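Close look at the chain arrangement
Residue strings, one per chain:
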Amino acid sequence: MAELPRLNGVIRALEQGQTAFVTFSTADPASAQAINAAPYDGVVFEMEHNIYDIKTLKDTLQYMLNRRQILTSGTLSPAVTPIVRIPPNSGESNWIAKQVLDIGAYGIVWPHIDTIEDAMGAITSMRYPKPEGHPLRNPFGLRGDAPFTAATFWGVTPPEYYARADLWPMDPKGEIIAILMIESQRGIKNLPKILKEVPGIGIILTGEGDLCQDMGHPRQYDHPDVVAAMKDILDICKAHKVPNGHPHVDAGNVEKLVADGYGFLMPSPERTFNALAKGRAAPGRK
């Protein structure tokens, strides 16, 4: 059987050395229909600050699939890769991560990661356990076994799903990406150790809004202290060769953010896609 092509569009962009462009969206079928053919690499369905409703999310994912796009592109994957931001950060969130992955999400955004323990909890929640002696046994996975819905959504068999349902880039064939949010001074302080000691992290996403709150400058994104803290996160990520994401992107700042070296940018879902178009053009993407 021929090797499956890369299914996760965000991973595909990063593997090609490109900036990945992703947007936030509400989890509902109408939003999915509006965005499923847009020139984003992925979409993060927002369920931290919106209602966590797994049935609505399951319905929403189905509307990310466009039969004509699948036929003409020759790939099973949606044109825009669905990822989900879940409510909590670790510990008791294991069951939420399991539900989200079991319906077919290609990644999870974990808010408020402050410690190594938070990060490790996120990673272990997203992995199936591996047997003793397996080269990728650790961090030991806690995800329960129920692959059928996700495999159907991906368009693969359960054995093919098992072979791909691990974390990139730790597993180069993995199609699932763990995006951990750093949004506090404590998180920044612990970030070097997190990136050194916790395998399986795909992207670090700066939580600019909560970071402003934590630093005593609510919504003051241009405050010098906040700007300096965000640069610290970017520099740490570059030193550890992990892409850093920026959540507040528009036509006025996207070119600078690309030049600064952010690997994961989240333009607002303007119907004109101005920021997205300028951002893709900046590194030469069409």
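See the structure shown above.
I will try to describe carefully the structure that is included in this document. (Residues numbered from 1 in each chain as written. Predicted model: local features only at pLDDT ≥ 70, side-chain atom pairs only at ≥ 80, totals over all residues. Heavy atoms only, no water.)

A word on the pairing of strand β1 (residues 20-25). Burial analysis of β1 places 5 of its 6 residues in the buried class, which makes it a mostly covered element. Once you follow β1 into helix α2 (residues 29-35) and on to strand β2 (residues 42-46), the crossover reads as right-handed. (Buried < 20%, exposed > 50% of the residue type's maximum accessible area, 1.4 Å probe, protein only. Helix = DSSP H or I, 4+ residues; strand = E, 2+ residues; numbered from the N terminus. Right-handed = clockwise from strand over helix to strand, strands pointing away.)

What follows is about the nonpolar core. Counting residues in hydrophobic clusters, the biggest one holds 70 residues, and the most contacted among them are Leu57, Trp110, Tyr161, Leu180, Ile201 and Ile204. For this core, the element with the highest residue contribution is helix α11 (residues 224-239), accounting for 7 residues. Every residue in contact with Leu57, bar those within four places of it in the chain, is listed here: Ala27, Phe45, Met47, Val84, Val100 and Ile103. One finds Val22, Ile83, Trp168 and Ile177 within the second-largest nonpolar core, a separate group that totals 17 residues. (Core = buried A, V, L, I, M, F, W, Y, C linked by side-chain atoms within 4.5 Å. Contact = heavy atoms within 4.5 Å.)

What follows is about the packing of aromatic side chains. This structure, assessed with the given rule, holds 5 aromatic pairs. Aromatic pair Tyr52 and Trp95: ring centres 6.1 Å apart, planes at 90 degrees, arrangement edge-to-face. Here Tyr52 is found in the loop between β2 and α3 (54-62), whereas its partner Trp95 is found in helix α5 (residues 94-102), with 43 residues between them in sequence. Of the residues examined, Tyr52 reaches a relative accessible area of 21% and is grouped as partly exposed. The exposure class assigned to Trp95 is partly exposed, which follows from its relative accessible area of 45%. Taking the centre distance of 4.6 Å and the plane angle of 5 degrees together, the rings of Tyr106 and Trp154 count as stacked. In this pair, Tyr106 sits in the loop between α5 and β4 (107-110) while Trp154 sits in helix α7 (residues 148-154), placing the two residues 48 residues apart along the sequence. Overall, Trp154 belongs to the buried group, its relative accessible area being 0%. (Phe/Tyr/Trp six-rings, centres within 6.5 Å; stacked < 30°, edge-to-face > 60°.)

Strand order in the closed barrel formed by 8 strands is β1-β2-β3-β4-β5-β6-β7-β8, with parallel pairing between adjacent strands. Across this sheet, the average inter-strand angle for adjacent strands is 30 degrees, counted without regard to direction. Against the sheet, helix α13 (residues 274-281) makes contact with β1, β7 (244-249) and β8 (264-267), and its axis sits at roughly 165 degrees relative to β1, the strand it touches most. (Pairing = 2+ DSSP bridges. Axes fitted to C-alpha atoms, helices over the stretch in contact; angles between N-to-C directions.)

Within the secondary structure layout, Val249 lies in strand β7. You can call Val249 buried: its relative accessible area is 4%. Beyond its immediate chain neighbours, meaning those up to four positions away, Val249 contacts Val254, Leu257, Leu265, Met266, Pro267, Ser268 and Ala275.

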